[in-house]
Amino acid sequence: MNSSPAEASGQTRHEITHLSALGSSFAAGPGIRPIESRRAQRSTLNYPHLLAEKLGCRLTDLSISGATTETILTRSQRVGLLKFQPQIRGLSHDSDLVTLTAGGNDVGYIGSMYAAALKGWFSTQPVLSRIKLPQISEKPGILIDRATAGLVSVAEEIHRRAPKARVVFVDYLTIIGHRTTPGPSAPFDSETMSTLRVIGEQVAQMFQDAAARSGSELVKLSQFSENHALGCPEPWVNGFRPKPGNGVSFHPNREGMRAAAGLISDHLAS
């Protein structure tokens, strides 16, 4: 993990009074009740809320499901008839901790996974088997490079707007791990499974590179959650859910959010 400027200079960690959270669905926590904002698909039990409770600090949760680095930084995000301003505009100057989980939507990470799962599920449903679905990107490397640059730009703007803040990148929980096998929760063939696992590893590397380039800290949830991926006894993410109302497919569950908050808290105290 990267060290903060304060830690590098030997300063002791100051008490955190105001946490601001930026990000997409892996920060927002769609489908985890109770819901704070239906439009943003943001839960009151996501890791920003749980972390703020642990730290006893004020929280400004700006995360929105479906966000990209662009909608965090420069472009408004439309959800139905509602338009959210770029998240960065809500960042307060007095924030002394800013968490960031984003970039997956820039590369179509979860979207590709869900489309692949639907394809596998549709193949078992005669009426639906001929529906054409989006394919996994053939050029994930190019998209990864762009998303990495986007994360760096967001971090630089955070540093500019909240110069006293510790900026902590929080990467994605592992979904397809080395112990994940095809089944109802992961309806992929072996080739698709391997491709998705590689993309997940590329996304984790994206966070590591962006943190290093921007001088930000990093909590590698991807590493800590390898033994909590789909197929493990206690997964921190939901498996495939073809029908709505029973959690959101391939997103953190309550246990995953609790674990994330705990791991971030441990990082801050280390």
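Each remark here, short or long, concerns the structure printed above.
Think of each chain on its own: its residues are numbered from 1, step by step along the sequence as written. Where local features are concerned, this predicted model is filtered to residues with pLDDT of at least 70; where side-chain atom pairs are given and counted, the filter is 80 or more; whole-chain, interface and lining totals use all residues. Just so you know, side-chain values use all the structure's heavy atoms and leave hydrogens and water out.

Colleague: Explain the side chain of Q77 to me, please; I cannot follow it from the model alone.
Modeller: Looking at the element boundaries, Q77 is found in strand β5 (residues 77-79). Engagement of the side chain of Q77 in a polar contact is seen with the backbone oxygen of S65, the distance being 3.0 Å. The helix count covers DSSP runs of H or I at least four residues long, the strand count covers runs of E at least two residues long, and both are numbered beginning at the N terminus. Any N or O atom pair separated by 3.5 Å or less is treated as a polar contact, with the protein-specific requirement of one donor-capable and one acceptor-capable atom, and with residues adjacent in sequence counted only for side-chain atom pairs.

Colleague: For this particular structure, what's the right way to read the environment of A259?
Modeller: Relative to the assigned elements, A259 resides in helix α9 (residues 254-269). Look at A259 and you get buried, because its relative accessible area is 15%. Put simply, A259 and S225 are 34 residues apart on the chain and 8.8 Å apart in space, counted from C-alpha to C-alpha. Relative accessibility decides the category of a residue: with a 1.4 Å probe and only protein chains considered, values under 20% of the type maximum give buried, values over 50% give exposed, and everything between is partly exposed.

Colleague: What am I meant to see in empty space enclosed by the protein here?
Modeller: Over the atoms rolls a probe the size of a water molecule, and its path tells where empty space is left. Every definition here rests on a 1 Å grid over the protein atoms only: cavities are sets of points where a 1.4 Å probe fits but cannot get out, pockets are open sets enclosed by protein on both sides within 12 Å along at least five of seven lines, and lining residues have some atom within 4 Å of a point. Grid points are joined across faces, edges and corners, and a volume is the space filled by probe spheres set on the points. Considering all chains together, one arrives at 3 cavities of 30 Å³ or more under this definition. Contributing to the lining of the second largest cavity are F26, Y47, T101, V170, D171, L173, L221, P252, M257 and A260.

Colleague: Is there a simple way to explain the pattern of salt bridges in this structure?
Modeller: Where charged atoms of side chains with opposite charge meet at close range, the side chains can pair. Salt bridge, as applied in this entry: a Lys or Arg side-chain nitrogen positioned within 4 Å of an Asp or Glu carboxyl oxygen. In total, this model carries 7 salt bridges according to the counting rule given. R58 is the partner of D94 in a salt bridge, and the nearest nitrogen-oxygen pair spans 2.8 Å. Of this pair, D94 sits in the loop between β6 (82-84) and β7 (97-101) while R58 is found in strand β4 (residues 58-61), placing the two residues 36 residues apart along the sequence. The exposure class of D94 is partly exposed, given its relative accessible area of 39%. The salt bridge involving E157 is made with R160; its shortest N-O contact spans 2.7 Å. In this pair, E157 and R160 both sit in helix α6 (residues 140-161), 3 residues apart, roughly one turn of the helix. Residues joined by salt bridges that share partners form a network here, namely E157, R160 and R161.

Colleague: Would you explain the packing of helix α3 (residues 47-55) against α9 in this entry?
Modeller: Relative placement of two packed helices is described by the angle separating their axes and the distance separating the axes. Lines fitted to C-alpha atoms define the axes, with helix axes restricted to the stretch in contact, and inter-axis angles between N-to-C directions lie between 0 and 180 degrees. Where α3 contacts α9, the two axes come as close as 8 Å, and the packing angle between them is 45°. Taken together, α3 and α9 sit at an angle that is classed as oblique. Pair α3 / α9 crosses with right-handed handedness. Side by side, α3 and α9 meet where Y47, L50, L51, K54 and L55 of the first sit next to M257, R258, A260, A261, G262, I264, S265 and L268 of the second. Here the residues of the contact of α3 with α9 sort into 9 nonpolar, 2 polar and 2 charged. Relative orientations are named as follows: roughly parallel for angles under 35 degrees, roughly antiparallel for angles over 145 degrees, roughly perpendicular for angles from 65 to 115 degrees, and oblique for any other angle. Here a crossing is called left-handed whenever its near helix is offset anticlockwise from the far helix by less than a right angle, and right-handed whenever the offset is clockwise. Here, residues are in contact when the closest pair of their heavy atoms is within 4.5 Å. Residue classes follow a fixed rule: Ala, Val, Leu, Ile, Met, Phe, Trp, Tyr, Cys and Pro count as nonpolar, while Asp, Glu, Lys and Arg count as charged, and any other residue, Gly among them, counts as polar.

Colleague: Explain unusual backbone geometry to me, please; I cannot follow it from the model alone.
Modeller: Both trends apply: most residues other than glycine have a negative phi, and most peptide bonds are in trans. Cis geometry is adopted by the peptide bond preceding P34, which originates at R33 and carries an omega value of 0°. Mapped onto the secondary structure, P34 falls in the loop between α2 (25-28) and β2 (35-37). Phi angles above zero are rare outside glycine, and Q41 is one such case at about 50°. By the element assignment, Q41 lies in the loop between β2 and β3 (42-43). Even without a glycine there, the phi angle at F250 is positive, about 60°. Its place among the elements puts F250 in the loop between α8 (221-224) and α9. Overall, the relative accessible area of 0% leaves F250 in the buried class.

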